[in-house]
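# Survey of secondary and tertiary structure
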Amino acid sequence: MRARAAPPLHSLSSIQVDESISLPRLGPPDICLLTLGITDSDCLQLPSRRRQHLPITDYFNWYSSRIGLLQSDFTSFACFLFLFLLLHEADIITGDFKKNWGSPSMAASIQDYDPPSSASSESDPCDPREYEDVFGKDFVVSPSEDGDIVPSKIITPPQSPRPPSAGSNQKSPRARRQRTTSISKAAILKTSQKSESVLRSNHRTIYTAGRPPWYNCAGQQVKPFVIGICGGSASGKTTVATKIIEALDIPWVTLLSMDSFYKVLNEKQHEIASNNEYNFDHPDAFDFDLLIPTLRRLKEGKKVDVPIYNFVTHGRESKTKTMYGANVVIFEGILAFYHPEVVKMCDMKIFVDTDPDVRLARRLKRDICERGRDLEGVLKQYINMVKPAFCHYIAPAMVHADIIVPRGGDNTVAIELIVHHVHTQLTKRGFKVREKLANSIVGQPLPSSIYLLPTSPQVSGLHTFIRNKDTSRDEFVFYSKRLIRLVIEYALSLLPFKEVTVETPQGVTYIGKRCSADKICGVSILRAGETMEQAVCDVCKDIRIGKILIQTNLTTGEPELYYLRLPKDIKDYLVILMDATVATGAAAMMAIRVLLDHDVPEENILIVSLLMAESGVQTIAYAFPQVRIVTSAVDPEINDKFYVLPGIGNFGDRYFGTEPSDAPNPDGS
Ligand SMILES: Nc1ncnc2c1ncn2[C@@H]1O[C@H](COP(=O)(O)OP(=O)(O)O)[C@@H](O)[C@H]1O
Ligand SMILES: Nc1ccn([C@@H]2O[C@H](COP(=O)(O)O)[C@@H](O)[C@H]2O)c(=O)n1
């Protein structure tokens, strides 16, 4: 798949490329850019560190071995995202997938890929970098070969055909099941168009829907709405859950399956299971000690690592699936209403009531086709264990249900009623953060958690350069870098230091200091925060860098979370969170909330900015009093576009040269 055509670039004539960034020409393409839109006046930019201008067409030719460019109009954000992802070697697909998928050549070329071993949300213990990536959690997905939902907005290599089942003796370890997933309506809609939902990547995925605020102006979490779905095996629990998600039409929903919590079997139990004699329908088969805290953490909006269960091997995969908080969490399983703790956590309880003959018929088909079982074994297990457990544990749990859904997924009336209720509940919980923050109280004394870079003629001089609207871009970049360096150095001076004694080359003892924080991580809020990464890397040896991409939704005005790349064990780090400017504090608050949801202690977070508005400072200090705030100046106001006043304008635009131009476009517009 080669770049099909150069985009109609109009005003876009060049792109700046950093020669020092190695973007190798690879063999077969592994990135497809399906739909990105750019307006005529937009300028395509690399996020940072670029020096050389290339004609834009050369740029795309340069990448033609890696990129399938299928549609030619771009939005600046999409381009930024795209280029950002290129730099981070992502395998992408984003945008309007449907429009382009019809292309026969595209479809043909995709068949060349190897099947993936995992989806992006699964952890890989062998990953030496020990990072986790999340692009818009509504599309954290699992591979489709297990009957799961695969959002077609994601490129992943197509599946190789499943080897034919050879009965219960020949088991394919790939036939695992990952119902546990986070997904959106769009994703599910595409699932129904099976032929369209086969774009996959080797190990990364990218999403187009961002997560809106999940906390209030005080930074406090809103608990997700938890729906519990119980019912007999093959009653249609997953189907109902899927239909609810589809009809809900909200960005972030997490689906957690009880299957993920089957206990790990010992050798003897494995043998029993392979003779279809192990009772997987008894409550003891489930690891409630893991299930309950996992659901509780999800309810608290926290990150969790969920086991991936393999029905063929009767065991857990070595990888886990990382899941995050969501507006709605759906928990489904045969014994979803067995444990009182779980029942208590469910805001709505649904029982799927399907005729036993229908369930048996479905189960026979599914277990033989998907779980490597044979007819005799399925019937044996059903009669001896599945049916008695249904009568003993599952059917009686119906008393907990708020709603009983006869016939499962076919019952559209019931699903509509459920969805209506959930919408009502979510409306009650919805948050409008940014506008409220912008109008938050100012004129108060600055909080004790703020650390202002001591002023000096040098600092004032740097401010004068970067605040001056007539400063050229070159100068702006140069002087901002100098100021960034000073602010970062100042932030480092706030870290804990301990006394150490060394010996000088002259053999004399010197009593000095050493930073006692052994794990320090810089996290930039993209894109402007990325401009501070170099400074932190220069002054803090071997520091690890994470990234959080937050963009403003132009319709709602709210910040939305698109992407995370954080060290897996970020909770053990002292985190220097970087953004060039802070106005209302909405993006900073979202980034801090992300870190807290990853269990980073509040007192281990420093937010560092060149310039902050007073309202942003107050917002952060009020919501997170233990977070240290480091900046070189606090300006008194913000305007109705949420720019700091007097301020420095749009830092990212000035730094990256993406300011809207007054000059007319070549087409005269
Ligand atoms: N309404 C339906 N009509 C036909 N097949 C269905 C229906 N609902 C579910 N199925 C099939 O039955 C099997 C079990 O459904 P699923 O939703 O996974 O049930 P559960 O989660 O309760 O085990 C699947 O193979 C699914 O495709
Ligand atoms: N190794 C296993 C584990 C579980 N089962 C059966 O799965 C059923 C639960 O899944 P549903 O999707 O049907 O809700 C349960 O009835 C177990 O018997 C299995 O066969 N093998």
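Coordinates for the structure precede this section.
Described in the following lines is the structure provided in the data block. What you see is a predicted model, and the numbers here were worked out from it, not measured in a lab. (Residues numbered from 1 in each chain as written. Chains lettered and ligands numbered in written order. Predicted model: local features only at pLDDT ≥ 70, side-chain atom pairs only at ≥ 80, totals over all residues. Heavy atoms only, no water.)

Turning next to empty space enclosed by the protein. Vacant regions in the atomic arrangement are exposed by a probe of water-molecule size rolled over the atoms. A complete count under the given rule lists six cavities of 30 Å³ or more for this structure. Empty space within the largest cavity amounts to approximately 240 Å³. Lining the largest cavity are 23 residues, with Asp 259, Tyr 262, Phe 311, Arg 363 and Arg 371 sitting closest to its centre. Elements that contribute at least two residues to the lining of the largest cavity include exactly strand S11 (328-333) and helix H10 (356-370). (1 Å grid on protein atoms, 1.4 Å probe; cavity = no way out; pocket = protein on both sides within 12 Å on 5 of 7 lines; lining within 4 Å. Points joined across faces, edges and corners; volume = space filled by probe spheres on them. Helix = DSSP H or I, 4+ residues; strand = E, 2+ residues; numbered from the N terminus.)

Let us now look at the packing of aromatic side chains. This model, assessed by the stated rule, comprises 14 aromatic pairs. Ring centres of Tyr 309 and Phe 311 lie 5.0 Å apart, and the angle between their planes is 90°; this geometry places the pair in the edge-to-face category. The class of Tyr 309 is buried, set by a relative accessible area of 2%. Here Phe 311 falls in the buried class, since its relative accessible area comes to 8%. Between the aromatic rings of Phe 465 and Tyr 479, the centroid separation amounts to 3.7 Å while the plane-to-plane angle is 5°, which identifies the pairing as stacked. Taken together, the residues Phe 465 in helix H14 (residues 457-467) and Tyr 479 in helix H15 (residues 473-492) connect sequence positions 14 residues apart. (Phe/Tyr/Trp six-rings, centres within 6.5 Å; stacked < 30°, edge-to-face > 60°. Buried < 20%, exposed > 50% of the residue type's maximum accessible area, 1.4 Å probe, protein only.)

Our next topic: the nonpolar core. Ranked by size, the top nonpolar core spans 44 residues in total, and within it Ile 488, Leu 606, Val 608, Leu 610, Val 630 and Phe 651 carry the most contacts. By residue number, the principal contributor to this core is H15, which donates ten residues. Apart from residues no more than four positions distant in its own chain, Phe 651 is found in contact with Phe 476, Ser 480, Ile 484, Ala 528, Thr 531, Ala 580, Thr 581 and Leu 610. Membership of the second largest hydrophobic core comes to 42 residues, among which are Tyr 573, Val 600, Val 617 and Val 627. (Core = buried A, V, L, I, M, F, W, Y, C linked by side-chain atoms within 4.5 Å. Contact = heavy atoms within 4.5 Å.)

Take the sheet that holds strand S21 (residues 581-582) next. Spatially, S21-S23-S25 is the arrangement adopted by the three strands of the open sheet, whose pairing is parallel. The open sheet has two edge strands with one neighbour each: S21 and strand S25 (634-635). Of the strand pairs in this sheet, strand S23 (residues 611-613) and S25 are connected by two bridges, and their pairing is parallel. The residue of S25 that forms the bridge with Ala 613 is Asp 635. (Pairing = 2+ DSSP bridges.)

Bringing H14 into the picture now. For H14, the full list of buried residues reads Val 459, Leu 462, His 463 and Ile 466. For H14, the arc enclosing every buried residue in end-on projection is 100°, short of the 170-degree limit, so these residues lie on one face. Among the exposed residues of H14, those oriented more than 90 degrees off its buried face are Pro 457 and Thr 464. At its buried positions, H14 is contacted by H15, S23 and helix H19 (651-656). (Arc of directions from axis to C-beta.)

This brings us to the pairing of strand S12 (residues 348-353). Within S12, five of the six residues are buried, which leaves it mostly tucked inside the rest of the structure. Of the pairings in the sheet, the one linking S12 to strand S13 (residues 403-406) comprises four bridges and is parallel in character. Residue pairing for S13: Val 352 is matched across the bridge by Val 405.

It is worth spelling out the packing of helix H6 (residues 237-248) against helix H12 (residues 412-429) at this point. When two helices pack together, their arrangement is given by the angle between the helix axes and the distance between those axes. At a minimum axis separation of 9 Å, H6 and H12 run at an interaxial angle of 55°. Relative to H12, the element H6 lies oblique. Considering the relative orientation of H6 and H12, their crossing is right-handed. Each of Lys 243, Ile 244, Ala 247 and Leu 248 in H6 lies in contact with H12, whose residues at this interface are Ile 415, Ile 418, Val 419, Val 422 and His 423. The residue makeup of the contact of H6 with H12, split by class, is seven nonpolar, one polar and one charged. (Axes fitted to C-alpha atoms, helices over the stretch in contact; angles between N-to-C directions. Parallel < 35°, antiparallel > 145°, perpendicular 65-115°, else oblique. Left-handed = near helix turned anticlockwise from the far one by under 90°. Nonpolar A, V, L, I, M, F, W, Y, C, P; charged D, E, K, R; others polar.)

Enumeration according to the criterion identifies 22 salt bridges in this entry. Taking the shortest distance from any N to any O, the salt bridge between Arg 371 and Asp 367 comes out at 3.7 Å. Take Asp 367: its relative accessible area is 0%, and that puts it in the buried class. Notably, a salt bridge pairs Lys 519 with Asp 569, separated by 3.0 Å at the nearest N-O pair. One end of the pair, Lys 519, is in the loop between strand S16 (509-515) and strand S17 (520-526); the other, Asp 569, is in the loop between strand S19 (559-567) and strand S20 (574-578), with 50 residues separating them in the sequence. Judged by its relative accessible area of 29%, Lys 519 falls in the partly exposed class. Within the structure, one salt-bridge network assembled from shared partners comprises Arg 363, Arg 366, Asp 367 and Arg 371. (Salt bridge = Lys/Arg side-chain N within 4 Å of Asp/Glu carboxyl O.)

A separate point is the pairing of S20. A large share of S20 lies buried, amounting to five of its five residues. Side-chain alternation along S20 places Leu 574, Ile 576 and Met 578 on one buried face and Val 575 and Leu 577 on a second face that is also buried. With five bridges joining them, S17 and S20 adopt parallel strand pairing. When the sheet's bridge partners are listed, Cys 521 is paired in S20 with Val 575. The pairing of S20 with strand S22 (residues 605-609) spans four bridges and is parallel. Considered in S22, the bridge of Val 575 is made with Ile 605.

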